[in-house]
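Summary of the model geometry
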Amino acid sequence: MADYHVESEIGSQPSCWREAVSRLPGVREALPRDGESVAVFGCGTSLYMARAYAGLRESRGLGVTDAFAASELPFGRHYDRHVAISRSGTTTEVLQAVEHLSESRTAEITAITAVPGTGFAPGTQAVALEFADERSVVQTRFATSALALLRASLGETVPYEDAARALAAPLAPEWLEAEQITFLGHGWTNGLADEAALKAREAARLWTESYPAMEYRHGPISIAQPGRLTWVFGLAPDGLAEDVAATGATYVTSDLDPMAHLIVAQRLAVAQARAKGMDPDRPRSLTRSVVLS
């Protein structure tokens, strides 16, 4: 049985989170300060981590925090700080956005990346998490390490113990056989639901969807049926478990911290890929970074 880079990268997340948090004192001045208005942006997985952080920061009342795809960043809107997230530091849309912001010189700019010395525009404050870089095309530990650092900067407790539990938790047979999964979140966990859906699509080409939990009964529940999963990050709306049970679909929830619960979804994506004879390190049609000519 082949060993895949993504499996060891998933397994290293508790130690990576600890390392990320240990660096907080040295990079604190580059991260958003309480009261600042902040725009966080990225592409793909980085976008979903931006959404999770934005939801957490606003929920704590620490300042207006908006998340955008890098290609959709509204340059005409004022923010005190912009935060770019990019594992490689080479993603075209992210670099172009940072360059445009640098030229306007209207706000502080921070970039969180796994590769020090990449091509961000002058004046950008770089936060390098090089220990969390990855060989797999599929992102796991860099994304969650960036989120761990950002959560710690908000005064949040980073769930190391829950991460260890998530790595040891068995994957239920009905999860491994699921033909479709819908991931649901609420508030900051919407970003995690989006990311879980992306992981299963990338690694295993699985049909996945993601929605805010309260939106699920406004249409998406119509595809729920036996052989499919409805997977919830964080607290679920009252009555949702019973509504899913009535469809015959399998309802998945957890008492783990939602960021740790994402590890279980990552593991499931890789396990499904293995079962299908796919290489989860090299998803079809994808590369480590999207660099446009």
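Residues numbered from 1 in each chain as written. Predicted model: local features only at pLDDT ≥ 70, side-chain atom pairs only at ≥ 80, totals over all residues. Heavy atoms only, no water.

**Overview of the overall build of the protein chain**
Helices and strands together make up the secondary structure of the protein chain, namely 11 helices and nine strands. Each principal axis of the C-alpha atoms in the protein chain carries an extent, and together these give about 55 × 45 × 40 Å. Within the span of the protein chain, comprising 293 residues, buried residues form 54% of the whole. In the protein chain, the share of contacts with a sequence separation of at least 24, taken over all contacts with a separation of at least 6, comes to 74%. Only carbon and sulfur atoms are counted for the fraction: they give 51% of the accessible area of the protein chain, which is about 12,300 Å². For the protein chain, the separation between the mean place of its 26 positive charges and that of its 36 negative charges on side chains is 4 Å. (Helix = DSSP H or I, 4+ residues; strand = E, 2+ residues; numbered from the N terminus. Buried < 20%, exposed > 50% of the residue type's maximum accessible area, 1.4 Å probe, protein only. Contact = heavy atoms within 4.5 Å. Areas by Shrake-Rupley, 256 points an atom, 1.4 Å probe, with all protein chains shown as cover. Lys, Arg positive; Asp, Glu negative; His and termini not counted. Charge placed at Lys NZ, Arg CZ, Asp CG, Glu CD.)

**Some thoughts on the packing of aromatic side chains**
For any two aromatic rings, the description comes down to two numbers: the centre-to-centre distance and the angle of the planes. For the coordinates displayed, the defined rule picks out five aromatic pairs. Relative to Tyr 79, the ring of Phe 68 has its centre 6.4 Å away and its plane inclined at 70°; by these criteria the two rings are edge-to-face. Of this pair, Phe 68 sits in strand 2 (residues 65-69) while Tyr 79 sits in the loop between strand 2 and strand 3 (81-86), and the two are 11 residues apart along the sequence. Across this residue pair, the class does not change: Phe 68 and Tyr 79 are buried. Feature note: the residues Trp 175, Phe 183, Trp 231 and Phe 233 constitute an aromatic cluster, connected by ring pairs. (Phe/Tyr/Trp six-rings, centres within 6.5 Å; stacked < 30°, edge-to-face > 60°.)

**Topic: the layout of surface pockets**
Computed from the structure, the largest pocket encloses a volume of approximately 380 Å³. Taken together, 22 residues line the largest pocket, and the ones lying closest to its centre are Cys 43, Gln 139, Thr 287, Arg 288 and Val 290. Going through the elements one at a time, helix 4 (45-59), strand 3, helix 5 (92-104) and helix 9 (189-204) are the ones with two or more residues in the lining of the largest pocket. If you tally residues by element for the lining of the largest pocket, the top one is helix 9, at three residues. Partitioned by chemical class, the residues of the lining of the largest pocket number seven nonpolar, 10 polar and five charged. (1 Å grid on protein atoms, 1.4 Å probe; cavity = no way out; pocket = protein on both sides within 12 Å on 5 of 7 lines; lining within 4 Å. Points joined across faces, edges and corners; volume = space filled by probe spheres on them. Nonpolar A, V, L, I, M, F, W, Y, C, P; charged D, E, K, R; others polar.)

**Describing the pattern of salt bridges**
Oppositely charged side chains are able to pair whenever their charged atoms sit close together. Evaluation of the coordinates by the stated rule reveals 20 salt bridges. For Glu 161, the salt bridge identified is with Arg 18, shortest N-O distance 3.9 Å. Taken together, the residues span a long stretch of sequence, with Glu 161 in helix 7 (residues 160-168) and Arg 18 in helix 2 (residues 13-22) at a distance of 143 residues. Judged by its relative accessible area of 53%, Glu 161 is exposed. One salt bridge in this structure joins Lys 199 and Glu 202, with 3.3 Å as the shortest N-O distance. Linking Lys 199 with Glu 202, this pair stays in helix 9, spanning three residues, or about one helical turn. The exposure classification of Lys 199 matches that of Glu 202, with both residues buried. When salt bridges that share partners are traced, they join Glu 29, Arg 33, Glu 36 and Arg 81 into one network. (Salt bridge = Lys/Arg side-chain N within 4 Å of Asp/Glu carboxyl O.)

**With respect to the side chain of Ser 153**
The residue Ser 153 is located in helix 6 (residues 141-153) in this model. Take Ser 153: its relative accessible area is 9%, and that puts it in the buried class.

**Quick word on unusual backbone geometry**
A positive phi angle is found at Arg 205, which is not glycine, with a value near 55°. Relative to the helices and strands, Arg 205 is located in the loop between helix 9 and strand 7 (207-212).

**Considerations on the environment of Ala 114**
Mapped onto the fold, Ala 114 is located in the loop between strand 4 (108-113) and strand 5 (125-128). Taking the C-alpha atoms as reference points, Ala 114 and Ser 145, separated by 31 residues in sequence, lie 9.9 Å from one another.

**Observations concerning the pairing of strand 4**
Judged by how many residues are buried, strand 4 sits mostly within the fold: five of six residues are covered. Here strand 3 runs beside strand 4; their pairing, made up of six bridges, is parallel. The residue bridging Ala 84 from the neighbouring strand is Ala 111, located in strand 4. By the bridge criterion, four bridges tie strand 4 to strand 5 in an arrangement that is parallel. Residue pairing across strands places Thr 113 opposite Ala 128, the latter belonging to strand 5. (Pairing = 2+ DSSP bridges.)

**Here's the deal with the UniProt feature "domain: SIS" (unreviewed entry) in the protein chain**
UniProt's entry tags residues 27-162 with the feature "domain: SIS" (unreviewed entry), counted in the numbering of this structure. Secondary structure across residues 27-162 comprises 33% helix and 19% strand; the distance between its end C-alpha atoms is 25 Å. (UniProt positions renumbered as here; feature names shortened; annotations may be inferred.)

**A word on the sheet that holds strand 9 (residues 250-252)**
Pairing is parallel in the open sheet, where four strands are placed in the order 7-6-8-9. At either end of the open sheet lies a strand with only one pairing partner, and these are strand 7 and strand 9. Each strand of the sheet is rotated relative to its neighbour by a mean of 20°, with strand direction disregarded. Relative to strand 9, strand 8 (residues 228-232) runs parallel, the two sharing three bridges. When the bridges of strand 9 are listed, Leu 229 appears paired with Thr 250. (Axes fitted to C-alpha atoms, helices over the stretch in contact; angles between N-to-C directions.)

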